[in-house]
Structure formats: structure tokens, C-alpha cells
Amino acid sequence: MLDWNSYHLLLLISRKGTLTAAAAESDVNETTVARRLAAAEAVVGMPIFKRAGGKLVPTATGTSLLSAAQAMEKALTQLPLPNSGVQTLRVSALPMVIDQLIAPRVGEFSRRHPHIVLEVVASTATHSLARRDAEIALRLNRPSEGMLIIRKARDVRFRPVAARSAVSVMKHALPYFAYEREYDDLPEIAAMKSRHGSEPSARFSSLSAILAAVKAGAGAAMLPDLLFEDEPDLEVLDHDVVVSRPLWIVFHENVRQKETVRLAADWFAEILTDTPKRQDRKKPGKSQSPNPTRELADQ
């Protein structure tokens, strides 16, 4: 399933006509735009754009997605806001945290604090707080530099997962997927490599693309419980292989007294630890609790 950031990218490409123009508009390089488009097409499983007359034009699938994106964009612009006293708080978070934990419950925050508008952006960058690009960050790595207030919200557990259809056919010969090579030091990738004793069969720049490949039955991957526990067609391959990574709420010392930051940080702590309990499907086994220094390569 595509998130709003992916839909926004499709709208931008459609309106600009080229990856170069879309990159210039979004202040990123063309390679990044191309990578994000490829990730979106991997999730959908179909081409979204095709080249015609030097421009990128939507395919039939793309046209359908763009219609949905335009409807979402229109709905966002029509959201009612308080007439006065509105304050915007920018939050940077991992895409999976936004999609799985924040977005489903953001209505609670709006009802509780109608004077605060959350502006939640998907990012894995660790420098957003220092540059004041965001006032609160939700991260899987614990920052070690800067005057930061750091609160642990919860643990995110990764397990080796594959589609049931693939397991029934080739359980002992399943290939696995990973991020780009620069992220091989992530504990979940290292655990998968150790389990298989070989290199991944394919590498992707986003977690959503890896999930799409796994759901298609093409292989296995270390996936966070947030993504696979509600997927009936996926199953854990080895319950003894578990990598646990803490999720941190981080903000700068200079903004700790701001009411918006305090209220939002408290709410994040509440919802991230108060996620509805799912039935635990794991078996007893060893777990790993590494101290990671890198984040998910999801953007």
C-alpha cells in the first residue's frame, strides 16, 4: 500500500513531466526521485509512468493512482483549522512508524489539541533536529551527539519472514532480500546474512519494496513486527532469530519548554507504548538486543 509521500511524489512527477523537474521542485536529486518511483512501482506491481514525447505520462494504473492522489490532496486542503492560535509542529519519523503507528491515531491528537497541527514527514536523516528541519524525531538509532532529550518509546522486533506460499514450495532454499550494501551493518540485516550464510538475492532502497517482494513470494527478509503481524499470508521462518531495536523520541534541549513539543512528545510516548496488543505468535527463543548506529534505509 502506498503512503501519502508516495502519492505526493506521483502527483509531482505527473505535473512536472520529468524526473529532473520533479527533483528540482522537491529539492532532491534525480536519482532519489527515480529510486522512490521504483519503490512505488514495486509496491503496486505495475508501471506507473511511461515515456511519450520526452515526457513521463501515466499508464492506466498510474491514472487510477493519480485520481486517488488528487482526491487525497483535495481532502487535505479542505480540512478545517481553528480560526486563531494555530501552531504547527514538524515531526520527522520513519515511514513505517508514520503509516503503522501515527496516522491511524492522529485524530486523537487533533481532538485533544486542536490548536496544534502536526506536520509529519517521512525521513531517516539524523541531522534534521540540528538543522531545525523538525522539532521532534522518532528514530531507531539513539543519537549520541548534541544537546538532545531522548526518551525510549518501545522496542521494534524484526524476524525472518516469508510468504506462506513460498515456504510451502522452497522453505530450505528461500533467497532473502536486504537494503543497499551500505546498510549491511544494520543488526537485522547482519542476522539474516548470518542465518543464510550467503549474500542477498536482491537489494532494495526501501522497506516497502522489500515487503512487496516478500508478499509476492519471491523470498524472505527480516521484517519489523509492525508490518507483518497483520498479514495472514506471511509467516515467521525461525522464531529463534529475533532482533530488537529501540524506538526513540528525540527533541532538542532548546525546545523542551515549548508547549507544543511537550504535548506532542507526551502523546507520542502514549500511543507508541499503548499500541493495541496483537496475539504473540512467537515461540520461546533467544533474542538479540544490539545497540544500532544506523537507521532503516527507507527513504
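Refer to the structure printed above.
How each quantity is defined
Residues numbered from 1 in each chain as written. Predicted model: local features only at pLDDT ≥ 70, side-chain atom pairs only at ≥ 80, totals over all residues. Heavy atoms only, no water. Phe/Tyr/Trp six-rings, centres within 6.5 Å; stacked < 30°, edge-to-face > 60°. Helix = DSSP H or I, 4+ residues; strand = E, 2+ residues; numbered from the N terminus. Buried < 20%, exposed > 50% of the residue type's maximum accessible area, 1.4 Å probe, protein only. Lys NZ or Arg CZ within 6 Å of the ring centre and 35° of its normal. Contact = heavy atoms within 4.5 Å. Axes fitted to C-alpha atoms, helices over the stretch in contact; angles between N-to-C directions. Parallel < 35°, antiparallel > 145°, perpendicular 65-115°, else oblique. Left-handed = near helix turned anticlockwise from the far one by under 90°. Nonpolar A, V, L, I, M, F, W, Y, C, P; charged D, E, K, R; others polar.

Just checking my understanding: could you explain the packing of aromatic side chains for this structure?
If you walk through the whole model with that rule in mind, you get four aromatic pairs. On the numbers, 5.8 Å between centres and 80° between planes, the contact of phenylalanine 177 with phenylalanine 204 is edge-to-face. Highlighted residues: phenylalanine 177 in strand β7 (residues 177-179) and phenylalanine 204 in strand β8 (residues 202-204), separated in sequence by 27 residues. Relative accessible area serves as the criterion here: at 6%, phenylalanine 177 is assigned to the buried category. On the accessibility criterion, phenylalanine 204 (23% relative accessible area) is partly exposed. Both rings, one in tryptophan 267 and one in phenylalanine 268, keep their centres 5.4 Å apart while their planes meet at 55°; by these two values the pair is tilted. On the accessibility criterion, phenylalanine 268 (0% relative accessible area) is buried. The structure contains a cluster of three or more aromatic residues connected by ring pairs, namely Phe109, Trp267 and Phe268. The ring of tryptophan 248 is capped by arginine 142, whose NZ or CZ atom sits 5.1 Å from the centre of that ring.

Would you explain helix α8 (residues 187-196) in this entry?
A turn of α-helix holds 3.6 residues, and therefore any two residues three or four places apart point the same way. Among the residues of α8, Pro187, Glu188, Ile189, Ala191 and Met192 are the ones counted as buried. Contacts made by the buried residues of α8 are with β6 (148-163), β7, β9 (221-224) and β11 (243-252). After α8 finishes, the residue glycine 197 shows a positive phi value of roughly 70°.

Help me understand the packing of helix α1 (residues 4-16) against helix α3 (residues 30-44) in this model?
Helix-helix packing is described using two parameters, namely the angle between the two axes and the distance between the axes. For the pair α1 and α3, interaxial distance at closest approach is 10 Å and the crossing angle is 120°. With respect to their mutual orientation, α1 and α3 come out oblique. In this structure, α1 crosses over α3, and the sense of that crossing is left-handed. Contacts from Leu9, Leu10 and Ile13 of α1 reach α3 at Val33, Arg36 and Leu37. Tallied by class, residues from the contact of α1 with α3 come to five nonpolar, no polar and one charged.

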